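Each chain, written out:
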Amino acid sequence: MKLFILAALLGLGLAQHNPHTKPGRSAIVHLFEWRWADIADECERFLGPNGFGGVQISPPNEHIVLESPWRPWWQRYQPISYKLCSRSGTEEELRDMIRRCNNVGVNIYVDAVINHMCGAGGGEGTHSSCGSWFNAGNKDFPSVPFSSWDFNDNKCRTGSGEIENYGDIYQVRDCRLVSLLDLALEKDYVRGKVAEFMNSLIDMGVAGFRVDACKHMWPGDLADIYGRLHDLNTKWFSGGSKPFIFQEVIDLGHEAISAREYFHLGRVTEFKYGAKLGTVFRRWHGEKLSYTRNWGEGWGFMPHGDAVVFVDNHDNQRGHGAGGASIVTFWDPRLHKMAVGYMLAHPYGVARVMSSFRWNRHIVNGKDQNDWMGPPSHKDGSTKSVPINPDQTCGDGWVCEHRWRQIKNMVIFRNVVDGQPHSNWWDNNSNQVAFGRGNRGFIVFNNDDWEMDVTLNTGMPGGTYCDVISGQKEGNVCTGKQIQVGDDGRAHFNISNTDEDPFVAIHAESKL
Ligand code: QV4
Ligand code: CA
């Protein structure tokens, strides 16, 4: 009994690890900076039909609007209030998107910025996305309302009021992250306002939250806030479902605060995953694909049931956040497709695919001078909508990695092999590897500088399969390579190192 009470106090009873994706769906896509109206269309015309499980959306609440730099993407990480109008659209558009995505089986996960409000230097006025007046200097945000006693400045003990040393857990939680006004989440009033904001979204029908900057919040404060959250809307989710929570904690293994401190509260973003996978596919530091036989917990990653995994995210694709130069992004499309393919084929973690916009990358001494640039926009700063080209790719600077055939087909692969074990591993002691997922799917990579010509045990029933990387099955026709699997499960794979995409994937539903 004592233990039970202790567990409840620690928040163990709140575990919110389940993404509630609908049957036959699994992967999440981050439609970074997309407008709500475009996401609604994308759910209906693409994500629903192609088996996507959910969308991570950009922060939906009121944020600062900046002139210099001009409308950076990161202005949305500087809240002004919890009103639901943002660069992505109005509350009505948000509500319409949630409804339309839910109606086609695609969940919405909200990026919740609850550690802070805008930067201390944010000034005074109505340069905010709903036009609410605020005064950052006085810490006055009447549209919430928050005022100076709702912030942590009295608790923070650094001279500058900023986090100066990540080795000191008190600074990291109680001081300002890059000058962002740090909320006093120990206060009942502040917790109540944050929970009210999150509950308004839950009631509208979202399935959960990516919680921003969790390293900068005490697990106990988060436990209290999560404990106040409503169950999901029963119009789309079964009764008693708790919102999915995945928490941004950057833990590459050498800081005072570890991801582990947050596992009992929900899942956590596993930043080691993309950093290591990038190193492996780039073949840096002597890494080889063959070493990934025990990929996952075997590589020192967090427990499978606690992890959200990704190859890159909106920060580290442009040098913010963590991971450094090894991160593989759309700027390296060939490697990116392979790395994302590997992630989606592998059973570890809940997988998130990045969907980006292009910007004028300009790297000087390792630093991108244009890392601030916002989404494709009109002259007045409003975000452009996402046009779809006849070949199904996106126009106007939207990259839409999730629409690339190879990635889209691997999202489907992940659904088809869901629940099957990692099996039939093969490698050449170098950068050619293959593995299956029970008898439902098999994938083969050649990341060496020479041709691959092997016969492997796939574990699949005999027949002719369509490779979903070089093409796909359309009706009963295969537009890509065909793979013959014998009645003994063995198949011959020939992959040239100069192929456009040097990997092959087959699954139960790509059988001809
Ligand atoms: C600057 C200086 C300050 C100075 C201040 C003066 O850095 O020292 O005091 O000016 O006004 C932007 C600017 C930043 C500026 C700050 C405040 O880049 O230079 O401070 O605004 O005006 C995003 C961006 C940040 C951006 C922030 C707010 O990445 O560059 O800051 O939004 O607009 C750590 C954290 C982790 C975090 C990661 C980036 O542990 O939690 O850094 N990741 C999340 C988000 C990320 C977001 C935030 C957290 C903050 O994924 O996108 O930061 O919400 O690892
Ligand atoms: Ca804090």
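Analysis parameters
- Residues numbered from 1 in each chain as written.
- Chains lettered and ligands numbered in written order.
- Predicted model: local features only at pLDDT ≥ 70, side-chain atom pairs only at ≥ 80, totals over all residues.
- Heavy atoms only, no water.
- Donors = N, O, S within 2.8 Å, 3.2 Å for Na, K, Ca; no water.
- Buried < 20%, exposed > 50% of the residue type's maximum accessible area, 1.4 Å probe, protein only.
- Core = buried A, V, L, I, M, F, W, Y, C linked by side-chain atoms within 4.5 Å.
- Helix = DSSP H or I, 4+ residues; strand = E, 2+ residues; numbered from the N terminus.
- Contact = heavy atoms within 4.5 Å.
- UniProt positions renumbered as here; feature names shortened; annotations may be inferred.
- Axes fitted to C-alpha atoms, helices over the stretch in contact; angles between N-to-C directions.
- Parallel < 35°, antiparallel > 145°, perpendicular 65-115°, else oblique.
- Nonpolar A, V, L, I, M, F, W, Y, C, P; charged D, E, K, R; others polar.
- Near = heavy atom within 4 Å.
- Polar contact = N/O pair within 3.5 Å; in protein donor to acceptor, adjacent residues only side chain to side chain.
- Areas by Shrake-Rupley, 256 points an atom, 1.4 Å probe, with all protein chains shown as cover.
- 1 Å grid on protein atoms, 1.4 Å probe; cavity = no way out; pocket = protein on both sides within 12 Å on 5 of 7 lines; lining within 4 Å.
- Sits in = over half its atoms within 2 Å of the grid points.
- Pairing = 2+ DSSP bridges.
- Salt bridge = Lys/Arg side-chain N within 4 Å of Asp/Glu carboxyl O.
- Points joined across faces, edges and corners; volume = space filled by probe spheres on them.

## Remarks on the coordination of the calcium ion (ligand 2)
Around the calcium ion (ligand 2), the protein supplies Asn115 (OD1), Arg173 (O), Asp182 (OD), Asp182 (OD) and His216 (O) as donor atoms, at distances of 2.4 to 2.5 Å. Sequence spacing of the donor residues for the calcium ion (ligand 2), all on one chain, is N-x57-R-x8-D-x33-H. Grouping residues by exposure puts Arg173 and Asp182 together as buried.

## Observations concerning the nonpolar core
Membership of the largest hydrophobic core comes to 133 residues, with the highest contact counts inside it found for Ile39, Val55, Met97, Phe141, Phe209, Tyr342 and Phe445. For this core, the element with the highest residue contribution is helix α8 (residues 333-345), accounting for eight residues. Aside from chain neighbours lying at most four places away, what touches Ile39 is Leu31, Trp34, Val55, Ile57, Met97, Cys101 and Ile108. Counting 15 residues, the second largest nonpolar core, distinct from the first, contains Ala434, Leu456, Tyr465 and Val504.

## A closer look at the UniProt feature "domain: Alpha-amylase C-terminal" (unreviewed entry) in the protein
Summarizing the sequence annotation, UniProt attributes the feature "domain: Alpha-amylase C-terminal" (unreviewed entry) to residues 423-511 in the numbering used throughout. Within residues 423-511, the helical portion is 0% and the strand portion 52%, while the C-alpha atoms at the span's ends are 19 Å from each other.

## A few points about the packing of helix α2 (residues 36-47) against helix α3 (residues 91-103)
Running from amino to carboxyl end, α2 crosses α3 at an angle of 10 degrees, the nearest separation of the two axes being 8 Å. Here α2 is positioned roughly parallel relative to α3, judged by the angle of their axes. Across the interface between the two elements, Trp36, Ile39, Ala40, Asp41, Cys43 and Glu44 of α2 pack against Glu93, Leu94, Met97, Arg100 and Cys101 of α3. In terms of residue class, the contact of α2 with α3 is made up of seven nonpolar, no polar and four charged.

## Let's talk about the site of ligand 1
Surrounding ligand 1, one finds 19 residues, the nearest of these being Trp74, His216, Glu248, Asp315 and His320. Interatomic distance of 3.3 Å between a backbone N/O atom of Val178 and an oxygen atom of ligand 1. Within the side chain of His216, an N or O atom sits 2.6 Å from an oxygen atom of ligand 1. Alone, ligand 1 offers 930 Å² of accessible surface; in the complex the protein occludes 72% of this. For ligand 1, the cavity whose grid points lie within 2 Å of the majority of its atoms is the largest pocket. Along the lines of polarity and charge, the residues of the shell around ligand 1 split into seven nonpolar, seven polar and five charged.

## Focus: the pairing of strand β18 (residues 452-457)
Only one face of β18 is buried, namely the one carrying Met452, Val454 and Leu456, since none of Asp453, Thr455 and Asn457 on the opposite face is buried. Note that β18 and strand β23 (residues 490-495) share six bridges and pair antiparallel. The residue bridging Asp453 from the neighbouring strand is Asn494, located in β23.

## Thoughts on the pattern of salt bridges
Note that side chains of opposite charge can pair when their charged atoms are close. Applying the stated rule across the entire model yields 32 salt bridges. As a salt-bridge pair, Asp96 and Arg99 come within 2.6 Å of each other at their nearest N and O atoms. Within this pair, Asp96 and its partner Arg99 are both found in helix α3, separated by three residues, close to a single helical turn. Classification of Asp96 by relative accessible area gives partly exposed; the value is 26%. A residue is classified by how much of its surface remains accessible, and Arg99, at 36% relative accessible area, is partly exposed. Within the structure, one salt-bridge network assembled from shared partners comprises Asp41, Glu44, Asp96, Arg99 and Arg100.

## Some points on the sheet that holds strand β11 (residues 307-309)
Note: strands within a sheet are paired through backbone hydrogen bonds, in either parallel or antiparallel orientation. Read around the closed barrel, the eight strands follow the order β1-β2-β3-β8-β9-β10-β11-β12; overall the barrel is parallel. Going from strand to strand, the sheet's axes swing by 30 degrees on average, the running direction of each strand aside. When strand β3 (residues 107-112) meets strand β8 (residues 208-211), the two strands line up parallel, connected through four bridges. In the sheet register, Ala112 faces β8, and the bridge partner there is Val211. Packed onto the sheet, α2 meets β1 (28-31), β2 (54-57) and β3 and runs at close to 165 degrees relative to β2.

## Describing empty space enclosed by the protein
Applying the stated criterion across every chain yields a total of one cavity of 30 Å³ or more. Computed from the structure, the largest cavity encloses a volume of approximately 60 Å³. Lining the largest cavity are 14 residues, with Asn152, Leu183, Leu185, Trp218 and Asp221 sitting closest to its centre.

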